[in-house]
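# Summary of structural features
Residue strings, one per chain:
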Amino acid sequence: MSALQIKKGANKHSAYNLRPTFSDVEETHTLALLVDNEAGVLARVIGLFSGRGYNIDSLTVAEVDHTGHLSRITIVTRGTPQVIEQIKAQLGRIVPVHRVNDLTVEGPAVERELALLKVSGSGDKRVEALRLADIFRANVVDSTLDSFVFELTGASDKVDAFADLMRPLGLVEMARTGVAALSRGSVA
Amino acid sequence: MVVQALKDQGVDTIFGYPGGAVLPIYDEIFQQNDIQHVLVRHEQGAVHAAEGYARSTGKPGVVLVTSGPGATNAVTGSTDALLDSIPIVVLTGQVPTFMIGSDAFQEADTVGITRPCTKHNWLVKDTGGLAHTLHEAFHVATAGRPGPVLIDIPKDVQFANGTYTPPAKASAQRYQPQVKGDMDSIIELVEALESAKKPVFYTGGGVINSGTAASQLLSELVDATGAPITSTLMGLGAYPASGKGWLGMLGMHGLYEANMAMHDCDLMINIGARFDDRITGRLDAFSPHSKKAHIDIDPSSINKVIRVDIPIVGDVGHVLEDLLKVWKSRGRKMNREAIAKWWKQIEEWRAINCLNYKPSDKVIKPQYALERLEALTKGRDRYITTEVGQHQMWAAQYLTFEAPNRWMTSGGLGTMGYGFPASIGVQMAHRDALVINVAGEASWLMNMQELGTAMQFRLPVKQFILNNERLGMVRQWQELLHGERYSHSWSESLPDFVKLAEAFGAKGIQCKDPADLDDAIMEMINHDGPVVFDCLVEKHENCFPMIPSGEPHNKMLLGDASTKDAIKEGGAVMV
């Protein structure tokens, strides 16, 4: 019996990653989870993503119903349609997860993110930063003689655009909350 | 309170090992007689024993271990139960709440460690919530797709007095999986079944987990439709091996006729199986011309690896009941003519006789040993457990199962060392039954300390060890894949198994001559007590048939002659 010639790292034909009948186009989806606000629930959700190799683009979590001990987790994730379906089904299996909503496919939704940006500089740059902040309707929440901290709320691409403009004007630090999202219309 | 909750949940047996952080619970156990505690010799054994108990009874198995090393030793068994969907409730002791996080003696982050290897777990920080959590744990372990759960109880919570609340109704629980299948999908499946020319049922462990009624419904459906049925390793026994629709096991070491039927069918009905990679082989060539239906209680199993045309989320028993009702009410239609032709094709595949092997009168062939074990135990209500490896596949091929809950094996995780403790759990649940663990010598040594448990509790488990002095499956893969470089796959310095048995006070039998085998097996069966049967078998036998990694169902290897260069570059990276 002859030895097989195995190329290192050759996994092109591996059954583990062949998904022939499925679309390979990655999509970005925003998922909203209603979960029991109990110890370890966030670890369960994050552990699912890391354990099964799914992506997290952003994640926000906070209690939304104090008497009912319910928290809302909003996750922006990327994957092929089949992976997205798997993620939703796997999230649904977690015992403290009450509801999984895919806001990307379940009708229109609003998505907002809050960002704080610290911009240092003086002279023209400082004036320009303030002028652009006005255009983006960003608020000044802290100011020194040579810096501003801007507060900006909006969709992620608006925050991206503002940050890109601030970079040459002296952006030194930024904090973003990640996406919070709700479906439009009157029902939950 | 813990013991009271266990009693109220109908627990009669627990498997465990005491330690500092569970002493208050052990003190409770000492003062009662309703629950029997089985002292194992290693915590891993406790979990596997509980799995054997659960798998053979349909009831959840219960484990009680201490904090730190007790909990970490339970991790393998818990993962095993998760992969095979076995309901297990593991109770672990924990250091007192005020010491958590201080790196206290025998402290480990048990809920952190076991989060990915349980269906759910809890750290109970106040006694008030203890009873509720215990009851919820039993509900989560058994409802929906079963699985292991773990409750971590700090020692001060065990000591404190609290108000006990009896179990609430299951409907009051937050965890409520869907059990009824969608009627439109069921009707769609019936329509597909009525017109199918080459249908095949592909069933799995989910049928057994759904209960004996589900197995009966399955047999009724298969026999009434006249369609062939194959099963995964985990599903053996749900449909009787003597039934007329039975093709045998499918998959990597499944029967030729079963795999060919899967490949060529035009309607595949997956009932409680999960398209595991041991089953599907190469995905892009998996059953290319079939319409696929999938009945599963776990929505995440559907479309996970194979896209199906008719997904039905629900409990197998409920769905089968509805399916039969609809099919009958529509006039029990089937394309009988086409199915008769389909069976003719299957008979041609069967005529290849894929389980054929070269017999010998000089050495015991492992296949022969299992054929004789089968012949000499047939007709008895027999429970079989296995370890993991070649012997496991041969046992699945050569032994037959007429009823569910008679076959306990580590399928998904492939845990060597599972079989012996599992046989102890089975024997605890069925004291008078014949319980045989078909083992390899290497797997058996992984949990051989449980011989002490078998002796202490007078459990007459039979350890049928096919001893080839090799890690047979590893050796086989090295032969096929790594140029016959047998790196560390032989068992050197093996013990004398007869003397080893005798050292524990058990009976040891060694057999190496095929002519003596029948008498030796009968001696094993007739001995009233644990037996370690050292069956010296052919050392270089390979397990066939086999689907090489990276190949589809219709590219099976049937024997040694066809193995040359069987695994191509792509297949070589897979396990």
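Everything quoted here is computed from the prediction, not taken from an experiment.

### Quick look at the overall build of chain B
Scanning chain B for helices and strands turns up 24 helices and 18 strands. Expected size for 575 residues packed as a compact globule is a radius of gyration near 25 Å; at 24 Å, chain B falls within 12% of this value. Seen through its C-alpha atoms, chain B measures out along the principal axes to roughly 70 × 60 × 45 Å. When burial is assessed residue by residue, chain B has 55% of its 575 residues classed as buried. Across chain B, contacts joining residues at least 24 apart in sequence account for 76% of those joining residues at least 6 apart.

### Observations regarding the overall build of chain A
Looking only at helices and strands, chain A features 4 helices and 9 strands. Across chain A, helices and strands are ordered from the amino to the carboxyl terminus as β-α-β-β-α-β-β-α-β-β-α-β-β. Taken over 188 residues, chain A has a buried fraction of 22%. Counted over contacts in chain A with a minimum sequence separation of 6, partners at least 24 positions apart contribute 74%.

### Remarks on unusual backbone geometry
All names here are of chain B. With an omega dihedral of -5 degrees, the bond running from phenylalanine 544 to proline 545 counts as a cis peptide bond. Position of proline 545 among the secondary structure elements: in the loop between β18 (531-536) and α24 (569-572). Of note in this structure, glutamate 484 is not a glycine but carries a positive phi near 55 degrees. On the basis of neighbour count, glutamate 484 is assigned to the exposed category, with 12 C-beta atoms found within 10 Å.

### Here we look at the nonpolar core
Core analysis: the largest hydrophobic core is formed by 187 residues, its most contacted members being Ala46(B), Ala50(B), Val63(B), Ile88(B) and Leu218(B). When residues in this core are grouped by element, the largest group, 7 residues, is from helix α7 (residues 130-142) of chain B. When neighbours within four sequence positions are excluded, Ala46(B) is seen to be in contact with Phe15(B), Gly16(B), Tyr17(B), Val40(B), Val63(B), Val65(B) and Ala74(B). Judged by nonpolar contacts, the second largest core, of 12 residues, contains Ala115(A), Val119(A), Ala129(A) and Val159(A).

### Topic: the packing of helix α3 (residues 43-57) of chain B against helix α5 (residues 75-83) of chain B
The description of two helices packed together rests on the angle between their axes and the distance between the axes. Residue and element names in this part refer to chain B. Contact geometry for α3 and α5: axes closest at 7 Å, N-to-C directions at 25 degrees. The orientation of α3 relative to α5 falls into the category roughly parallel. Contact with α3, carried on its side by Gln44, Val47, His48 and Glu51, involves Thr76, Gly77, Ser78, Asp80 and Ala81 of α5 and no other residues of that element. Grouping the amino acids of the contact of α3 with α5 by side-chain chemistry returns 2 nonpolar, 5 polar and 2 charged.

### Section: the sheet that holds strand β11 (residues 291-296) of chain B
All names here are of chain B. Pairing is parallel in the open sheet, where 6 strands are placed in the order β9-β8-β7-β10-β11-β12. Across the chains shown, the open sheet's two edge strands, defined by having one partner strand only, are β9 (246-249) and β12 (310-313). Put simply, the sheet's adjacent strands are angled 15 degrees from each other on average, direction ignored. The pairing of strand β7 (residues 199-203) with strand β8 (residues 229-231) spans 3 bridges and is parallel. Directly across from phenylalanine 201, in β8, lies its bridge partner isoleucine 229. Lying on the sheet, helix α12 (residues 256-264) is in contact with β7, β8, β9 and β10 (267-271); it crosses β9 at an angle near 105 degrees.

### Section: the confidence of the model for chain A
For chain A, per-residue confidence averages 89 on the pLDDT scale, and residues scoring 70 or more make up 88% of the total. Segment residues 1-21 of chain A is flagged for pLDDT under 50; beyond a separation of four residues in sequence, or across chains, it makes 38 contacts in the model.

### Notes on the sheet that holds strand β3 (residues 61-65) of chain B
Residue and element names in this part refer to chain B. Taken in spatial order, the 6 strands line up as β2-β1-β3-β4-β6-β5 in an open sheet, and their pairing is parallel. In this open sheet, the two strands that pair with only one neighbour each are β2 (36-39) and β5 (120-123). Averaged over all neighbouring strand pairs, the angle between strand axes comes to 20 degrees, with direction disregarded. Contacts from α7 reach β4 (88-94), β5 and β6 (148-154), with the element oriented near 165 degrees to β6.

### What about the environment of Ala520(B)?
All names here are of chain B. For alanine 520, the position within the fold is in helix α23 (residues 517-526). Sequence separation between alanine 520 and cysteine 535 is 15 residues; the distance between their C-alpha atoms is 9.4 Å. Each residue touching alanine 520, except ones within four places of it in the same chain, is listed here: Ile509 and Cys511.

### So, α3(B)
For α3(B), built from 15 residues, the straight-helix expectation of 21 Å at 1.5 Å per residue is met to within 8% by its first-to-last C-alpha distance of 21 Å. With respect to burial, α3(B) is a largely interior element, 14 of its 15 residues being buried.

### Describing the packing of α3(B) against helix α18 (residues 419-429) of chain B
Residue and element names in this part refer to chain B. For the pair α3 and α18, the least separation of the axes is 6 Å and the interaxial angle reads 45 degrees. Between α3 and α18, the angle falls in the class oblique. Two packed elements cross with a definite hand, and for α3 against α18 that hand is right-handed. Residue-level inspection shows Gly45, His48, Ala49, Ala50, Glu51, Gly52, Tyr53, Ser56 and Thr57 of α3 in contact with α18, the latter providing Pro421, Ala422, Ser423, Ile424, Gly425, Val426, Met428 and Ala429. Residues of the contact of α3 with α18, tallied by class, amount to 9 nonpolar, 7 polar and 1 charged.

### Concerning the pairing of β7(B)
Within a regular strand, the side chains alternate between the two sheet faces. All names here are of chain B. Within β7, 5 of the 5 residues are buried, leaving the element largely enclosed by the surrounding structure. Of the two faces of β7, the one carrying Pro199, Phe201 and Thr203 and the one carrying Val200 and Tyr202 are both buried. Bridge count between β7 and β10: 5 bridges; the pairing is parallel. Bridge pairing in β10 links threonine 203 to isoleucine 271.

### A look at the pairing of β2(B)
Residue and element names in this part refer to chain B. When strand β1 (residues 13-17) meets β2, the two strands line up parallel, connected through 4 bridges. For threonine 13, the partnering residue across the bridge sits in β2 and is glutamine 36. One crossover worth recording links β1 to the parallel β2 by way of helix α2 (residues 23-30), and it is right-handed.

### Regarding the confidence of the model for chain B
For chain B, per-residue confidence averages 95 on the pLDDT scale, and 97% of positions sit at 70 or higher. Both scores are available for the predicted complex, with the pTM at 0.92 and the ipTM at 0.88.

### Description of the environment of Asp36(A)
Residue and element names in this part refer to chain A. Mapping aspartate 36 onto the fold places it in strand β1 (residues 27-36). The exposure class of aspartate 36 is partly exposed, given the 16 C-beta atoms found within 10 Å. With near-sequence residues (within four places) excluded, aspartate 36 lies in contact with Val41, His69, Leu70 and Pro96.

About the criteria used
- Residues numbered from 1 in each chain as written.
- Chains lettered and ligands numbered in written order.
- Predicted model: local features only at pLDDT ≥ 70, side-chain atom pairs only at ≥ 80, totals over all residues.
- Helix = DSSP H or I, 4+ residues; strand = E, 2+ residues; numbered from the N terminus.
- Rg over C-alpha atoms; globule rule 2.2 N^0.38 Å.
- Buried ≥ 20, exposed ≤ 12 C-beta atoms within 10 Å, placed from the backbone.
- Contact = placed C-beta atoms within 7 Å.
- Core = buried A, V, L, I, M, F, W, Y, C linked by C-beta atoms within 7 Å.
- Axes fitted to C-alpha atoms, helices over the stretch in contact; angles between N-to-C directions.
- Parallel < 35°, antiparallel > 145°, perpendicular 65-115°, else oblique.
- Nonpolar A, V, L, I, M, F, W, Y, C, P; charged D, E, K, R; others polar.
- Pairing = 2+ DSSP bridges.
- pLDDT = per-residue confidence, 0-100.
- Expected span 1.5 Å × (residues − 1).
- Left-handed = near helix turned anticlockwise from the far one by under 90°.
- Right-handed = clockwise from strand over helix to strand, strands pointing away.

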